[in-house]
Amino acid sequence: MPKQSTMSITQDLAEIYALMGRPDNVEYTLKAVACFNELIEMGFSPSTIMLNVAVLYQNINYFAEAEEMLDRVEEKYPDVEVEVNDGGQPIYYYVVSVE
């Protein structure tokens, strides 16, 4: 299968798993993270993919992993500003903004 097709299918799977994932259903969130990480390894890593991984990690309380991914975004995309703020509420643990 051509690389582009594989990437497209992997991205679709990641998005479906992300939609199915919830804080109480970590399994699907981790599947989404695995798919997004596979895309990154294939060389398809726009900042949005990496930010999606960070948000998914924070949704399941994997805060160290989320912060690590945000650090990777800053390293790979020095022109992208990443700011993380404590959301101060149980639904949104962090607010992430990107410019």
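Residues numbered from 1 in each chain as written. Predicted model: local features only at pLDDT ≥ 70, side-chain atom pairs only at ≥ 80, totals over all residues. Heavy atoms only, no water.

Trainee: Requested: an account of the packing of helix H1 (residues 3–20) against helix H2 (residues 26–41), with residues and values cited.
Mentor: Across the interface, H1 lies against H2 with an axial gap of 7 Å and an inter-helix angle of 155°. As the angle between them shows, H1 and H2 are arranged roughly antiparallel. In terms of crossing hand, the pair formed by H1 and H2 is left-handed. Between H1 and H2, the residues in contact are Met7, Thr10, Gln11, Leu13, Ala14, Glu15, Tyr17, Ala18 and Met20 and Tyr28, Thr29, Lys31, Ala32, Cys35, Phe36, Glu38 and Leu39, respectively. (Axes fitted to C-alpha atoms, helices over the stretch in contact; angles between N-to-C directions. Helix = DSSP H or I, 4+ residues; strand = E, 2+ residues; numbered from the N terminus. Parallel < 35°, antiparallel > 145°, perpendicular 65-115°, else oblique. Left-handed = near helix turned anticlockwise from the far one by under 90°. Contact = heavy atoms within 4.5 Å.)

Trainee: So what about the nonpolar core? Which residues, and what values?
Mentor: Nonpolar side chains in soluble globular proteins tend to end up buried together. Counting 23 residues, the largest nonpolar core has Phe36, Leu39, Val53, Met69 and Val73 as its most contacted members. Counting only elements with at least two residues in this core, the list comes to H1, H2, helix H3 (47–59) and helix H4 (63–76). Of all the elements, H3 adds the most residues to this core, at 7 residues. For Val53, the residues in contact, after removing those within four places along its chain, are Val33, Phe36, Asn37 and Met69. (Core = buried A, V, L, I, M, F, W, Y, C linked by side-chain atoms within 4.5 Å. Buried < 20%, exposed > 50% of the residue type's maximum accessible area, 1.4 Å probe, protein only.)

Trainee: Got a sec to walk through the confidence of the model for the protein? Specific residues and values, please.
Mentor: When pLDDT is averaged along the protein, the result is 81, and 82% of the positions lie at 70 or above. Of all the helices and strands in the protein, strand E2 (residues 94–98) carries the lowest mean pLDDT, 56, while H2 carries the highest, 92. (pLDDT = per-residue confidence, 0-100.)

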